[in-house]
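# Structure assessment
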Amino acid sequence: MISFVSLMTHDRLHIRELVERIAVHNDQQAYKQFFCMFQSRLRQFAYSVIKSHEIAEEITSDVFIKIWNKRVSLLKIDNIVLYLYVSVKNQSLNYLSQKSKENVFFSDEILVEMKSIYFDPEQLMITAEMMRRVQMAISTLPPKCRQIFKLVKEDGLRYKEVAELLGISLKTVEAQMSIALRRVAQSIHFDINTSVSSYLGK
């Protein structure tokens, strides 16, 4: 049986500890760790909205600068992970709005590139052909489905957090994840019913 492992398996207690060190002790080392933990994924998320690597970098940096500047109030934020993603989303949409090219909405068409899928090496020997099949399956997912899959399995967000971030229902997230997981399962020909049911634990 295959066990998919998120690239970003956050220890939320550790994150909370870093935030507390930043907020209470002005700990720059904790801030650097916090930055390294999230920067690349937030930049990728910003890029999925604005399609500009340079602007995505600026937006992400700006969000982290604001985090440091308002560090004394960080402990008032209940969910710092979701807060970061919402901040990047809002900054990105504000940028697009300022450009006034057209009315821009955070829609189902936003694409997020899937970079990698990881398996438990003790349970499955990965071959180049199998990885190719998985990547092909992910690349053919509908945009909305691909984005949700990436946010859950690579960025480590919970189903409820993804629903709140994208403004959709929890049932929609669950349904799209089921579609994605079945598509990947079919691509490598294993027992779909057993594997998907065991993997959908949230």
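## Examining the overall build of the protein chain
A tally of helices and strands in the protein chain yields 9 helices and 0 strands. Taking all 202 residues of the protein chain together, 46% fall into the buried category. Looking at the protein chain as shown, the accessible area adds up to about 11,000 Å², and 52% of this sits on carbon and sulfur atoms.

## With respect to the environment of Ser40
Following the sequence through the fold, Ser40 ends up in helix 2 (residues 28-50). According to the relative accessible area criterion, Ser40 is partly exposed, its value standing at 30%.

## Focus on the pattern of salt bridges
Under the definition given, this model contains 5 salt bridges. In this structure, Arg12 engages Glu161 in a salt bridge whose closest nitrogen and oxygen atoms are separated by 2.7 Å. Placement of Arg12 in helix 1 (residues 12-25) and of Glu161 in helix 7 (residues 159-166) is noted, with a sequence separation of 149 residues between them. Across the salt bridge formed by Arg21 and Asp27, the nearest N and O atoms sit 3.1 Å from each other.

## Regarding the confidence of the model for the protein chain
Interpretation of this model should avoid reading the predicted coordinates in detail wherever pLDDT is low. Mean pLDDT over the protein chain works out to 76, with 72% of the residues at or above the 70 mark. Low pLDDT, under 50, characterises residues 191-202; the stretch is placed with 19 contacts to residues that sit more than four places away or in other chains.

## A short note on the nonpolar core
In terms of nonpolar packing, the biggest core is built from 50 residues, with Phe34 and Ile80 touching the most fellow members. Every element with two or more residues in this core is listed here: helix 1, helix 2, helix 3 (53-69), helix 4 (80-99), helix 5 (128-139), helix 6 (143-153), helix 7 and helix 8 (170-188). The element best represented in this core is helix 2, accounting for 9 residues.

## A look at the packing of helix 3 against helix 4
Running from amino to carboxyl end, helix 3 crosses helix 4 at an angle of 130 degrees, the nearest separation of the two axes being 10 Å. Between helix 3 and helix 4, the interaxial angle falls into the category oblique. By crossing handedness, the relation of helix 3 to helix 4 is classed as right-handed. Contact with helix 3, carried on its side by Ile55, Ile59, Asp62, Val63, Lys66 and Ile67, involves Ile80, Tyr83, Leu84, Ser87, Val88, Gln91, Ser92 and Tyr95 of helix 4 and no other residues of that element.

## Notes on the packing of aromatic side chains
Two descriptors summarise a pair of aromatic rings, namely the distance from one centre to the other and the angle between the planes of the rings. Counted under the stated rule, the structure contains 5 aromatic pairs. One aromatic cluster is present, built from ring pairs that chain together Phe34, Phe35, Phe38 and Phe64. For the cation-ring pair, Lys51 lies above Tyr47, with the distance from its terminal atom to the ring centre recorded as 5.9 Å.

## A closer look at unusual backbone geometry
Even without glycine at this site, Asn26 takes up a positive phi of about 55 degrees. Phi at Lys51 takes a positive value of approximately 55 degrees, unusual for a residue other than glycine. As for its placement among the helices and strands, Lys51 is situated in the loop between helix 2 and helix 3. Taking relative accessible area as the criterion, Lys51 reaches 47% and is therefore assigned partly exposed.

## A closer look at helix 2
Where helix 2 bends most, at Phe38, the angle is about 40 degrees. Between a side-chain oxygen at the N-terminus of helix 2 and the backbone nitrogen of Gln29 the separation is 2.9 Å; the capping residue is Asp27.

## Comments concerning the side chain of Gln39
Relative to the helices and strands, Gln39 is located in helix 2. At 3.3 Å, the side chain of Gln39 and the side chain of Glu57 are in polar contact. Other than its neighbours up to four places away in sequence, Gln39 contacts Glu57, Thr60 and Phe64.

Thresholds, definitions, all that
- Residues numbered from 1 in each chain as written.
- Predicted model: local features only at pLDDT ≥ 70, side-chain atom pairs only at ≥ 80, totals over all residues.
- Heavy atoms only, no water.
- Helix = DSSP H or I, 4+ residues; strand = E, 2+ residues; numbered from the N terminus.
- Buried < 20%, exposed > 50% of the residue type's maximum accessible area, 1.4 Å probe, protein only.
- Areas by Shrake-Rupley, 256 points an atom, 1.4 Å probe, with all protein chains shown as cover.
- Salt bridge = Lys/Arg side-chain N within 4 Å of Asp/Glu carboxyl O.
- pLDDT = per-residue confidence, 0-100.
- Contact = heavy atoms within 4.5 Å.
- Core = buried A, V, L, I, M, F, W, Y, C linked by side-chain atoms within 4.5 Å.
- Axes fitted to C-alpha atoms, helices over the stretch in contact; angles between N-to-C directions.
- Parallel < 35°, antiparallel > 145°, perpendicular 65-115°, else oblique.
- Left-handed = near helix turned anticlockwise from the far one by under 90°.
- Phe/Tyr/Trp six-rings, centres within 6.5 Å; stacked < 30°, edge-to-face > 60°.
- Lys NZ or Arg CZ within 6 Å of the ring centre and 35° of its normal.
- Bend = angle between axes of the 7 residues up to and from the residue.
- Polar contact = N/O pair within 3.5 Å; in protein donor to acceptor, adjacent residues only side chain to side chain.

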